[in-house]
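Fold and contact review
The primary structure of each chain is shown beneath.
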Amino acid sequence: MSANPNHTVSLTIDDQPVTVPAGTTLLEAAHTLGVDIPLICYHDATTANGLCRVCVVDVNKGRLLQPACIAHCQHNTVVETSNERVERSRRTILEMLSSAVDLRQAPEIQALLDTCNADRERFPAAARREHALIDDNPFYVRDYSQCVLCWRCVQVCAEDAQYTFALTLGQRGFHTHVTTLFEIPMTESPCVFCGQCIGVCPTGALKPKIEFGLENGLSPEEIRRSTRRPRKRQPQDEEA
Amino acid sequence: MTSLEDLLVPYRGRARDALLPLLWDIQTAFGHIDHDAVQSISHTLRVPAAEIYGVIHFYALFHHQPTGHTTVYVCDSPSCGIAGADRVIAALSARLGVPPGTLTPDGQFLVLHSPCLGLCEHAPAALIARRGAGEFAYAPVDDIDCLLVECAQTRQTITSGEGVMLTRQPQQPAQTLPEYGDYAALRRALAEMSPHRVIAEVDAAGLIGRGGAAFPTGTKWKLTHAAPAQPHYLVCNADESEPGTFKDRLLMESQPHLLLEGMALAAYAIGASKGFLFIRGEYPEAARHLQAAIDAAAAAGFLGARIFDTDFSFDIELRRGAGAYICGEETALFEAIEGKRGFPRVKPPYPTTHGLFGKPTSVNNVETLCAIPLIVAHGSAWFRQWGTASSAGTKLVSVSGHVRRPGVYEIAPGLTLRQFLHDYCGGLVGPLRAVLMGGAAGTFLTPEEIDVPLTFEHLRAIGSTFGSGAIMVFNDTTDLRDVLRRLARFFQHESCGKCFPCQLGTQRQLEVLERLEQPLPGDPQRLRDIGLTMTEASLCGLGQTAASAVLSAMQRWPELFGETK
Ligand SMILES: Cc1cc2nc3c(=O)[nH]c(=O)nc-3n(C[C@H](O)[C@H](O)[C@H](O)COP(=O)(O)O)c2cc1C
Ligand code: SF4
Ligand code: SF4
Ligand code: FES
Ligand code: FES
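Residues numbered from 1 in each chain as written. Chains lettered and ligands numbered in written order. Predicted model: local features only at pLDDT ≥ 70, side-chain atom pairs only at ≥ 80, totals over all residues. Heavy atoms only, no water.

So, on to the overall build of chain B. What chain B contains, in helices and strands, is 24 helices and 14 strands. The C-alpha radius of gyration computed for chain B amounts to 23 Å, which stays within 12% of the reference 24 Å derived for 565 residues, consistent with globular compactness. Evaluated residue by residue, chain B yields a buried proportion of 64% over its 565 residues. Summarising the internal contacts of chain B: among those between residues at least 6 apart in sequence, 70% fall at separations of at least 24. On chain B, roughly 18900 Å² of surface is accessible, and the fraction owed to carbon and sulfur atoms is 53%. With 47 positive and 58 negative side-chain charges, chain B shows a spacing of 3 Å between the two charge centroids. (Helix = DSSP H or I, 4+ residues; strand = E, 2+ residues; numbered from the N terminus. Rg over C-alpha atoms; globule rule 2.2 N^0.38 Å. Buried < 20%, exposed > 50% of the residue type's maximum accessible area, 1.4 Å probe, protein only. Contact = heavy atoms within 4.5 Å. Areas by Shrake-Rupley, 256 points an atom, 1.4 Å probe, with all protein chains shown as cover. Lys, Arg positive; Asp, Glu negative; His and termini not counted. Charge placed at Lys NZ, Arg CZ, Asp CG, Glu CD.)

Below, the structure written as structure tokens:
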């Protein structure tokens, strides 16, 4: 939305008054005051879609909480970045996430679980999103059991950066997952191995082959052999 | 048999918004959309192949793997649940020797579970897809053989009430153009009324949108009319997928021209020359009636260029959804028309300024639009003789479950739920246990609460809602835990997965409800935290109401959840 640059709005965030240009997000306004708001899906380089909702804040005690990363500051509003409702939503979202996804290699989300007092065992007997590790190209491996569905990889592969359109989302709801056309290997997809998806992934779901190899105790020589050039999936890749 | 190439011909040169119609053509002809088909579509419409695959995955009536020559979708939502849906599934599995979701070895049959098919008054209901022929509704399922071979069935929905909007008798077929008339309200508006006058009349009538969000129609039209960007679009929301709701289906099957005239008037008011009528894929009969009516109205000059020799031109394109409740949410509906996965958009900006194809758009429900020709013809004061000041005009309600005469009733808001159940629906079948008011996204009421007057304002005051106008009635033989699980399964199945609270919460809510008979310590608090988080933090109305029925049941019947009163 285009905003008149001369136009400003005034509001209070956690009892601190602030005046910002119209069109400023609550997140940006909070940062000018040094107020920290948790984030998972938000990333400077990708279109914000308001997916994770851990950034929600309370605006005027409204019926709905507002996602700070995309909601604009409104004049004369009272914003609370932390209260009982806000904390319940953040905590519950994180608890549900950690019961569904392998977050062991997501240090930032681990830190959030602690600051939001989330109980990692809150949801016993819960279905997890388990996916087999996909090792189908010489550059990176994909472990969607670690995927939080922030959409960043899909977005940078599409209109946010690369216009390659190798990735898409399959199914919907809880079972949504990142995939390729008919699950074809990356080597058969339009992927150009630019690596941007790996750069934006907030978890261990997308990992360079070298890092993956070292983690799994391979020698540099063994890793080099398995990463020499793009090719169709071959039996020896499986053993590597 | 048609070839893929033949199917693609009419789509050459078209853009991405033709994706769902083309996927429908291929799905119907071949029973699924395979890798080669996706590549060909990708070349024809210039849409990335991976994205087409993502779209196929999103819509439950599209398949990327082979289905049967006959595929049967059996409804498992509450009203069909209490009418024996599980027995239908079991009988089909026994007959075919395969469980639901598994193709018979000869490739002939596939049985799948389905959410509410909008045939709840004839429960239990099924939808049949026959390769090459299309889809057919079948309800009540009195004979499972009829699901597997072709059988004729006629259905008559009980309708009665004020008879203002619903003027057809149940046994009458769809109204033809000569029977309906010559679009006199449209003729009069184009001759005598400015768009502003039409909007002012609708505003004065106090018409509140009938789709569930209860937004004043006049206000929406004013905002759309005033939006500077061009062109403007009118969208009729005929997605009607809220469990327990079937009033729009009845209007479309019996009085298609009333809707088309309402759309033309709405388009005139907001300054649109193109309209889309988006109807859920599970309504094949209504879609056929509507397409025939559109063609007849166009041939008569009531739609098309320079209607009645005025400067007003208006075309209507019928679009079929493909199995996704979320596409009733207005912005997800835009995405579906644009050929994408039906993800709701972040609001603001609102559709009145940034709607279909990013242009100013008014989205209106079928019943809302059907009231327009009447308001224009008779005036706002006439419309206000029914209902209350804040709930003006007659209102359609869909009733299913344990009443003697389930059907669609046209009521004057203000009578109580008790009067309605006794006077209109022929009374209850068995002692009343609970009423689910407003659909799956609504709230439960106890037998002590049914003296509430049926108006937007009275229902809101007790924390309930008219919602989509659905009323589901349950007697004391009903296992309410089973009803709750069916509701939870519905939301788990229909969550689009975009935002975390609903994507995760609908799954976790279902898991806790599945073990209601043997709850784990802390389950009631888990349910409350999941429910309040979905309600307050979700991105769209689906997640924001996905716990509504459950939370209302926890307040009324704590014992069902292992709590004490
Ligand atoms: C999940 C969801 C499903 C909806 N389904 C429908 C529907 O099937 N039909 C409908 O008219 N409105 C539906 N709505 C409401 C629409 O978003 C919108 O408010 C409505 O179509 C506006 O028309 P009205 O003002 O005439 O009611 C739905 C909303 C949500 C959040
Ligand atoms: S793979 Fe990584 S970047 Fe892609 S959606 Fe999952 S978590 Fe986000
Ligand atoms: S609330 Fe549910 S349906 Fe709506 S955007 Fe979020 S996940 Fe999708
Ligand atoms: S950071 Fe705001 S919704 Fe994810
Ligand atoms: S058709 Fe089965 S519940 Fe509506």
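If you look at the interface, chain A gives 50 residues, while chain B gives 53 residues. Regarding the contact of chain A and chain B, the summed buried area is about 4200 Å², with carbon and sulfur atoms giving 61% of it. Of all residues in chain A, A:R172, A:L181 and A:F182 give up the largest surface area on contact with chain B, accounting jointly for 20% of the area buried on that side. The interface formed by chain A and chain B holds five salt bridges in total. The partner of B:E536 in a salt bridge is A:R85, and the shortest N-O contact between them spans 3.0 Å. Applying the counting criterion to the chain A and chain B interface returns 24 residue pairs in polar contact (both at pLDDT 80 or more). For the side of chain A that touches chain B, the secondary-structure elements that each account for two or more residues are helix 2 (84-98), strand 7 (168-170) and strand 8 (177-179) of chain A. Tallying contributions element by element places helix 2 of chain A first for the side of chain A that touches chain B, with eight residues. Of the residues assigned to the side of chain A that touches chain B, the class counts are 27 nonpolar, 14 polar and nine charged. (Buried area = accessible area lost by both parts, 1.4 Å probe. Salt bridge = Lys/Arg side-chain N within 4 Å of Asp/Glu carboxyl O. Polar contact = N/O pair within 3.5 Å; in protein donor to acceptor, adjacent residues only side chain to side chain. Nonpolar A, V, L, I, M, F, W, Y, C, P; charged D, E, K, R; others polar.)

What follows is about the environment of B:R130. Residues and elements named next belong to chain B. With respect to the helices and strands, the residue R130 is situated in strand 3 (residues 126-130). Look at R130 and you get buried, because its relative accessible area is 11%. A sequence separation of 18 residues divides R130 from L148, and the C-alpha atoms of the two residues are 9.6 Å apart. If sequence neighbours within four positions are ignored, R130 has contacts with T28, H69, T70, C146, L147, L148, V149 and E150. One polar contact links R130 to T70, side chain to side chain, over a distance of 3.4 Å. One polar contact links the side chain of R130 to the main-chain carbonyl oxygen of V149, over a distance of 3.2 Å.

Our focus in this paragraph is the site of ligand 1. All names here are of chain B. Around ligand 1 sit 19 residues, and of these G211, N237, E240, N365 and T368 come closest. Backbone polar atom of E330 to an oxygen atom of ligand 1: 3.2 Å apart, as the coordinates give it. Burial of ligand 1 by the surrounding chains reaches 90%, relative to a free accessible area of 600 Å². Elements that contribute at least two residues to the shell around ligand 1 include exactly strand 9 (361-365) and helix 23 (541-545). Among the elements that take part in the shell around ligand 1, strand 9 stands out by supplying three residues, more than any other. (Near = heavy atom within 4 Å.)

Residues and elements named next belong to chain A. Domain assignment breaks chain A into domain 1 (8-85) and domain 2 (140-229). Taking the mean C-alpha position of each, domain 1 and domain 2 sit 32 Å from one another. Between domain 1 and domain 2, the residue contacts involve nine residues of the former and nine residues of the latter. Between domain 1 and domain 2 lies a buried interface of about 720 Å² when both sides are counted; carbon and sulfur atoms form 55% of it. Considering only the side of domain 1, the residues that lose the most area to domain 2 are H43, T46 and L51, jointly responsible for 50% of the buried surface there. Counting across the interface, domain 1 meets domain 2 through zero salt bridges. The tally of links from domain 1 across to domain 2 stands at six residue pairs in polar contact (both at pLDDT 80 or more). (Domains from an automatic or database assignment.)

This part takes up the sheet that holds strand 3 of chain B. Residue and element names in this part refer to chain B. Strands sit in the order 2-1-3-4 across an open sheet of four strands; the sheet is mixed. Unpaired on one side and paired on the other, strand 2 (109-114) and strand 4 (134-138) mark the two borders of the sheet. The mean angle between the axes of side-by-side strands here comes to 20 degrees, regardless of whether they run parallel or antiparallel. When strand 3 meets strand 4, the two strands line up antiparallel, connected through five bridges. Looking across to strand 4, one finds that L127 is bridged to A137. Helix-sheet contacts for helix 6 (residues 85-96) involve strand 1 (70-75) and strand 2, and the interaxial angle to strand 1 is about 155 degrees. Packed on one face of the sheet, helix 14 (residues 284-299) meets strand 3 and strand 4 and runs near 120 degrees to strand 4. (Pairing = 2+ DSSP bridges. Axes fitted to C-alpha atoms, helices over the stretch in contact; angles between N-to-C directions.)

Right, let's talk about the sheet that holds strand 5 (residues 158-161) of chain B for a bit. Residue and element names in this part refer to chain B. Here we have six strands laid out as an open sheet, ordered 5-11-10-14-12-13, and mixed in their pairing. A single partner strand is all that each edge strand has here, and the edge strands are strand 5 and strand 13 (443-445). Averaged over all neighbouring strand pairs, the angle between strand axes comes to 25 degrees, with direction disregarded. Note: strand 10 (residues 395-401) against strand 14 (residues 470-475), four bridges, orientation parallel. Looking at the pairing, V399 lines up with I471 of strand 14. Strands strand 5, strand 10 and strand 11 (407-411) of the sheet are contacted by helix 12 (residues 247-254), whose axis makes an angle of about 115 degrees with strand 10.

End to end, helix 2 of chain A covers 21 Å across 15 residues, agreeing with the expected 21 Å (1.5 Å per residue, within 8%). By the criterion of burial, helix 2 of chain A is predominantly enclosed, with twelve of the 15 residues buried. Taken together, the buried positions of helix 2 of chain A are occupied by A:R85, A:V86, A:R88, A:S89, A:R90, A:T92, A:I93, A:L94, A:E95, A:M96, A:L97 and A:S98. The inward-facing, buried residues of helix 2 of chain A abut strand 3 (56-59), strand 5 (78-80) and helix 3 (107-115) of chain A together with helix 21 (500-514) and helix 22 (523-537) of chain B. The N-terminus of helix 2 of chain A is capped by A:N83, whose side-chain oxygen sits 3.1 Å from the backbone nitrogen of A:R85. (Expected span 1.5 Å × (residues − 1).)

Our focus in this paragraph is helix 21 of chain B. Under the 1.5 Å per step criterion, the end-to-end length of helix 21 of chain B is 21 Å for 15 residues, consistent within 8% with the ideal 21 Å. A large share of helix 21 of chain B lies buried, amounting to 14 of its 15 residues.

Let us now look at the nonpolar core. Most often, soluble globular proteins have nonpolar side chains that are buried together. Among the nonpolar cores identified, the biggest contains 146 residues, and A:I40, B:I41, B:Y59, B:F444 and B:F561 are the most heavily contacted of them. With near-sequence residues (within four places) excluded, B:Y59 lies in contact with A:R172, B:L20, B:A322, B:G323, B:A324, B:C327, B:A336, B:K340, B:R341 and B:G342. Counting residues in hydrophobic clusters, the runner-up holds 67 residues, among them B:F312, B:I372, B:F383 and B:A392. (Core = buried A, V, L, I, M, F, W, Y, C linked by side-chain atoms within 4.5 Å.)

Below, the discussion takes up the side chain of B:Q175. Mapped onto the elements of the fold, B:Q175 is located in the loop between strand 5 and helix 8 (177-180). Non-local contacts of B:Q175, meaning those with residues more than four positions away in its chain, are made with B:R168, B:Y180, B:S254, B:Q255, B:P256 and B:H257.

In this section: the state of the cysteines. Residues and elements named next belong to chain B. The full count for this structure, using the stated rule, is one disulfide over all chains. The disulfide partner of C146 is C151, and the S-S distance across this bridge is 2.2 Å. Judged by the sign of its S-S torsion, about -65 degrees, the bond between C146 and C151 is left-handed. (Disulfide = S-S within 2.5 Å.)

A word on the domain arrangement of chain B. All names here are of chain B. On domain assignment, one finds that chain B holds domain 1 (4-58), domain 2 (70-147), domain 3 (184-383), domain 4 (395-475) and domain 5 (480-561). One C-alpha centre belongs to domain 1, the other to domain 2, and the line joining them spans 27 Å. The interface of domain 1 with domain 2 comprises five residues on the first partner and six residues on the second. Between domain 1 and domain 2, the buried area comes to about 330 Å², and carbon and sulfur atoms account for 54% of it. Joining domain 1 to domain 2, the criterion identifies zero salt bridges.

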